[in-house]
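Inside the fold
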Amino acid sequence: MTAVIEATGLTKWYGKRRGVVDVGFAVEEGEVFGFLGPNGAGKTTTIRLLLGALRPSAGRATIFGLDAWTQAPEAHRRVAFVGSDPGYLGELTAGAQLDYVGALRGLPSGAWKPVAERFGLDPTVQLKKLSRGNRQKIGVVSAFMGQEPLLVMDEPTSGLDPLMQREFLTILSETRAAGRTVFLSSHNLPEVERSCDRVGIIREGRVIDISSVQALLAGHWRSVNLVLGAPPPNGTFELPGVEVISASARDVHLMVRGDVNPLLHRIATLDVYDVSITTPEIEDIFLRYYDDGAQPLAEEVTA
Amino acid sequence: MIGTTFRLELRRSRSLAFWLAVIAGAYAGTMAVFYPLMKENAALFEDYMDIFPEEFMAAFGMTGSLGDPGVFFTTYIGSYVWPIVAAIAGIILATRPVAADHDRGFLDLPLSTPIARVPYLGSAIVVQILVMIVVAVAMVVGAVAVGALVNAGFDAGRLFLVVPSSAAFGCAIAGVASVLAVVTLSRGMAGGITAGVLFLMYLANVVATIEPDVEWLATFSAFNYYDTTALIDEGTVPLLDLGVFTVVAVVGWIGALVLFRRRDLAA
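Residues numbered from 1 in each chain as written. Chains lettered and ligands numbered in written order. Predicted model: local features only at pLDDT ≥ 70, side-chain atom pairs only at ≥ 80, totals over all residues.

Here we take up the overall build of chain A. When helices and strands are counted, chain A shows 11 helices and 14 strands. Dimensions of chain A, computed from the C-alpha atoms along their principal axes, are close to 75 × 45 × 35 Å. Per-residue burial for chain A yields a buried fraction of 40% across its 303 residues. Within chain A, contacts between residues separated by at least 24 positions form 68% of all contacts whose residues are at least 6 apart in sequence. (Helix = DSSP H or I, 4+ residues; strand = E, 2+ residues; numbered from the N terminus. Buried ≥ 20, exposed ≤ 12 C-beta atoms within 10 Å, placed from the backbone. Contact = placed C-beta atoms within 7 Å.)

Have a look at this one:
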């Protein structure tokens, strides 16, 4: 696998204000990489560093091996970008704006039409008359209208209605199937869960975890609820990674982390009426990173 | 790609260029209506002007007879409406491609495409030059056309010599505003500083003309180098003045291009 995006020690200070600090990650060819974090965590700063809009205070980012700051125009030949709530030229129509961006990217006039149809975008309306959601559609259409091998998307679905979000995910999966690489910053956790191969989590300007979505889910606590035919013998659930939350007669609530097989084998020795294992939503995991009561992050970093 | 950004800048500038051309042309035309009256009553006006100190009148461009087309044009058009029109055009056009588009969050979009920053800004600078020329031509056309209707007797060829000086004056403003826009990344700040500097230069020129002790102040005023009187009345092209404006404009634009090439576009 070749690294399409590579950030090493990437740091940006706005005077004394923190942008991002020592950010490092690599996005490999053909993968969809999710970049998660709350407002102000440094997602947009990271993207603007990747696009060469900002000069790093320290560290370096490369796109296809080209320096993101000093070789930006060359790198951009292979990049399509959509920003979060980008400014538009209100006097243009949606079609004119898309043609403008398309021409800058070397695309023929009207290259946006097939994608615009899928999103139900009216290209004849002046941008200043469009709602926030419809303006966002233009950004999304703009990102998907070319065939650049890398798409950089900063919260592309914010403002889109659920139908459009679904269409976005469909096109995103087509994009992934075509072997293109996607760097997707998002607040929309289900969207990340459904579309991304790996996820990077950024908090207060630092990347605190990078892992596959599956590993992220597997590395966290799952809730196990049991209804037993008889109270279990003492010490039944004294297993590595298992914590008894509550046990009253025949109802047992456990939390398990890591390999669940030892617990399943132990449960199999019991008279079980009912069992449910709840895998946490990625949202629960995400929130744990920002929860003061969460485990020390150093334990959870798998990058 | 340069053609694409040039066409977009041209498209975004056409409304401003049109209205400024209409204003400059209409104003110059309106003033030209009064020129025959001025010429017929030049002696009367000179008597009236003698009431005021010579330096005071000179400070506002009134040197010589208002019956001379150069003095008339400079007093009522060149040093009155053109600085205002040129300042509006220069500041709006020069602060748009970097500062205003950065303010509104648009700049990241074109700069995320393969176009390099220098040609991106360069194409906008070419549009600034074109707009200045178009509006300056409109101003002269207004005076010449109405002048012909009222038999003002203007020498159209001489009046059109005003175009390069006027456009160069506007371009100097645009050059300064351009570099300030790149440095500040704020249309409000760049425009405000440019307008403030122009106002101070205007005051400096007035004070330097009224008060001989501070005559040197005029050296630092753009208004000192924008005088169309000799150009129209004698056909003398003020190469030095033209050169000053051209140098300021070119230095400003080159400075803007050099700085923008490596400008950190931090919010």
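Let us now look at the packing of helix 3 (residues 94-104) of chain A against helix 5 (residues 132-144) of chain A. Residue and element names in this part refer to chain A. Interhelical geometry of helix 3 versus helix 5 gives an angle of 35° and a closest axis separation of 10 Å. Where helix 3 crosses over helix 5, the handedness of that crossing is right-handed. Seen from helix 3, the contacting residues are A94, Q97, L98 and V101; seen from helix 5, they are I138, V141 and S142. Among the residues forming the contact of helix 3 with helix 5, the class breakdown is five nonpolar, two polar and no charged. (Axes fitted to C-alpha atoms, helices over the stretch in contact; angles between N-to-C directions. Left-handed = near helix turned anticlockwise from the far one by under 90°. Nonpolar A, V, L, I, M, F, W, Y, C, P; charged D, E, K, R; others polar.)

The next thing to look at is the sheet that holds strand 11 (residues 222-228) of chain A. Residue and element names in this part refer to chain A. The four strands lie next to each other as 12-13-11-14, forming an open sheet whose pairing is antiparallel. Edge positions in the open sheet fall to strand 12 (242-248) and strand 14 (272-278), since each of these has one partner strand only. With strand direction ignored, the average angle separating the axes of adjacent strands in the sheet is 15°. Direction of pairing for strand 11 relative to strand 13 (residues 251-256): antiparallel, over a ladder of six bridges. Within strand 13, the residue paired with V227 across the bridge is D251. (Pairing = 2+ DSSP bridges.)

Let us now look at the domain arrangement of chain A. You'll often see interface size given as the accessible area lost when the parts meet. Looking at chain A, the domain boundaries give domain 1 (3-78 + 148-217) and domain 2 (221-279). Between the C-alpha centres of domain 1 of chain A and domain 2 of chain A there is a distance of 39 Å. (Domains from an automatic or database assignment.)

Moving on, we come to the interface of chain A and chain B. Taken residue by residue, the interface counts 22 residues in chain A and 19 residues in chain B. Of all elements in the fold, only helix 2 (72-76), strand 6 (79-82) and helix 3 of chain A reach the threshold of two or more residues within the side of chain A that touches chain B. Sorting elements by how many residues they give to the side of chain A that touches chain B places helix 3 of chain A first, with four residues. Considering only residue class, the side of chain A that touches chain B consists of 14 nonpolar, three polar and five charged.

Below, the discussion takes up the sheet that holds strand 2 (residues 17-28) of chain A. All names here are of chain A. Taken together, four strands build an open sheet; the order of strands is 2-1-4-5 and the sheet is antiparallel. The open sheet is flanked by strand 2 and strand 5 (66-67), the only strands paired with a single partner. Pairing of strand 4 (residues 58-63) with strand 5, which is carried by two bridges, proceeds in the antiparallel orientation. Among the inter-strand pairings, I63 is bridged to a residue of strand 5, identified as L66.

For the rest of this paragraph, the subject is the confidence of the model for chain B. The pLDDT averaged across chain B works out to 90; a share of 99% of its residues lies at or above 70. For this predicted complex, the interface confidence reaches an ipTM of 0.81, while the overall pTM sits at 0.82. (pLDDT = per-residue confidence, 0-100.)

Here we take up the pairing of strand 10 (residues 206-212) of chain A. Residues and elements named next belong to chain A. Sheet topology places strand 9 (residues 198-203) next to strand 10; six bridges connect them, and they run antiparallel. Bridged to R203 within strand 10 is R206. Once strand 9 ends, the chain turns through two residues before running back antiparallel as strand 10, passing E204 with a positive phi of about 45°.

This paragraph deals with the pairing of strand 14 of chain A. Residue and element names in this part refer to chain A. Among the seven residues that make up strand 14, zero are buried, leaving the element largely open to the surroundings. As judged from the six bridges shared by strand 11 and strand 14, these two strands associate in the antiparallel manner. The residue of strand 14 that forms the bridge with V224 is I277.

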